[in-house]
Amino acid sequence: MRPFTLPAPAGRLALGLAVLLAVLAAGPPAVSVAAAPASTASTPATVAGVSPATVPGNASTVAPGKGASGDTPNASADHSSDAPTLVALYPNPATDGDAGEFVAVRFPNGTDASDWSLDDGESTVPLPNSTVSGRVAVSPDPEVARNRTDLRVLGLDADLSLANGGETVRLTSGDTVADVAEYDDAPTGERWHRTPADQDDWTWTPLGTTDFALERSGPASARAFVLPDSPEVPVETLRRADDRLLVAGYTFTSERAADALADAARRGVEVRLLVDDAPVGGLARREAELLDSLVARGVAVRVPDGPLARYRFHHAKYAVADDRALVLTENWKPAGTGGHGSRGWGAVVRDGATADRLAAVFRADAEWRAAVPWSEFRKGERFEPTNATDESYPEEIPPANVTVESAGLLVAPDHAESSLVSLLDAANESLRVQQVEIGDRRQPFVRASLRAARRGVDVRILLSSPWYAEEDNRALVEWLNERADSEDLPLDARLANPRGRYEKIHAKGVVVDGEAAVVGSMNWNNNSARNNREVGLVLRGEEPGAYYADAFDADWRASAGGPAGGERFPVGLLVAVAVGALAAILYARREVVFEN
């Protein structure tokens, strides 16, 4: 489980809780808050330096159990010198006594390793008598280290102790120092390694971090849809699987989706589900019961957990159904894919190459060492009460079959941030941005949007307005509009007004020049782009661009004048407040910023 960090606005929320409790004591349970009726309308994070395996469709990925450590024998060379070089250190493996520490070294072909030693200033450890070529790991605990890297591991006769608090390691031969690596405090379970972009720079990344590249394929057919208008599209995609059904989510509380998975497993389809181990607010009791049921019905369910978990949150929301790739902004829950609440975007792309790339992401995460079976993980876990929603909303924006000129798969933290910034920087005519919330004014996507406005691109930004996000979103909207006025920019920002068409915006959508649409799970904040596993699609073509642009425009028009009236609190939330669930509210606030 990940530690909970108290958000900055805690005092403000505590005051709000006190007011709510007072209202509850004095009157009926349905309260109205004037600040926020629901809303209407609706990367350089590349890290590990992995040389991924290749999958069908020329997709860049990490094959199951291969290359996930970032220390692959075929990774790009670090130096052109004939001398060996240090390429990675793993000082803090989160094991008893730090068993499994290793140092990765790149050797020229046919090098006698015994000519070389590692020196940390306190001791000199000779390398073993072995002829080596390429990248090799050396460790005093080779058996443990082999479970941490896919490199060839050579055992050391003497003890090599890499200090967690910082170390300087030298690769020497006699009086010759061939290379030096120096680090400060070593994060648990992370590697200190050279960066792919600049071999003179070093960085920390979690062990096993992938390095997927942005790959495109097409043309292809796709089904574009929005929620809550078309909840049948995600479930029908699951129901039609004949061969494979790989589903990834942040949370999973949809009984309809669960039944579709179980039915597919009964038909002999390979069905696997991967969900986050510690969503903000805790795992819901409803989710635990549903996952128990799925396991009992033959579905393989896994969660990333423990010190080797590579990402802060497994926040991606997608499915691979045979040759179809379904990518969503919404969670697998009634208020998300169930159509009972959030404004979200989704797309089903029928393209074998895109589906294979997405399947490669799934395998890299579900088959990584930190992914454990649900039945094992749930032992001793505490599960939280569930507040479900069953509101109904009209279908005003029907789904549409569109032709996609190309489909690109965005993967965070691998490349999604830099890829999205590049896309925003390429805008020539218009940007439509629909988001839950934006991290802050300095966020790279915000800066890219401002750059676009300054070169004459028409920029419109629509942010959600539920009670827990309204204050911060309003402040950002006002700042953006003030900046537009002061610089005479073609930029306009609004708070959404749902007008009964949906509950709140949960989409993370962008339309560029009406010809490229971004649909996926990545929020516009640095934590999402740099620390979470996120997945998105870049759909290029006039038809997908027009579909999502029209959906945005409908929500934008409905939001003219901003939120009106007050947003009514869900009864379930009031019950939680009535029993003093301050922590739940604080978690909800943090969820907006980081995890929606």
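Everything that follows concerns the structure shown earlier in this document.
What counts and how
Residues numbered from 1 in each chain as written. Predicted model: local features only at pLDDT ≥ 70, side-chain atom pairs only at ≥ 80, totals over all residues. Heavy atoms only, no water. Helix = DSSP H or I, 4+ residues; strand = E, 2+ residues; numbered from the N terminus. Buried < 20%, exposed > 50% of the residue type's maximum accessible area, 1.4 Å probe, protein only. Areas by Shrake-Rupley, 256 points an atom, 1.4 Å probe, with all protein chains shown as cover. Axes fitted to C-alpha atoms, helices over the stretch in contact; angles between N-to-C directions. Parallel < 35°, antiparallel > 145°, perpendicular 65-115°, else oblique. Left-handed = near helix turned anticlockwise from the far one by under 90°. Contact = heavy atoms within 4.5 Å. Patch = residues over 30% accessible without salt bridge, like charges linked within 9 Å, V, L, I, M, F, W, Y side chains within 5 Å. Salt bridge = Lys/Arg side-chain N within 4 Å of Asp/Glu carboxyl O. Lys, Arg positive; Asp, Glu negative; His and termini not counted. Charge placed at Lys NZ, Arg CZ, Asp CG, Glu CD.

**Student:** Tell me about the overall build of the protein, residues and numbers included.
**Tutor:** Counting its regular elements, the protein contains 14 helices and 32 strands. Expressed as a percentage of its 596 residues, the buried residues of the protein come to 60%. Per element, the accessible surface of the protein, about 22200 Å² overall, is 47% carbon and sulfur.

**Student:** Give a detailed account of the packing of helix H8 (residues 416-425) against helix H9 (residues 444-454), specifying residues and quantitative values.
**Tutor:** The interhelical angle for the contact between H8 and H9, taken along N-to-C directions, is 15°, at an axis separation of 9 Å. Taken together, the axes of H8 and H9 lie roughly parallel to each other. Both H8 and H9 take part in a crossing whose hand is right-handed. Contact with H8, carried on its side by Glu 417, Leu 420, Val 421, Leu 424 and Asp 425, involves Pro 444, Phe 445, Ala 448, Ser 449, Arg 451 and Ala 452 of H9 and no other residues of that element.

**Student:** Residue-level account of the environment of Ala 260, with values.
**Tutor:** Among the structural elements, Ala 260 can be located in helix H4 (residues 255-266). Under the relative-accessibility criterion, Ala 260 is labelled buried at 3%. Each C-alpha atom of the pair Ala 260 and Val 235 lies 6.9 Å from the other, and the pair is 25 residues apart in sequence. Apart from the residues within four sequence positions on either side, Ala 260 is in contact with Val 235, Leu 238 and Arg 239.

**Student:** Let's hear about a negative patch on the surface: which residues, and what values?
**Tutor:** Taken together, the side chains of Glu 405, Glu 429, Glu 515, Glu 542 and Glu 543 present a region of like negative charge at the surface. Inspection of the secondary structure puts Glu 405 in the loop between strand E23 (400-404) and strand E24 (406-412).

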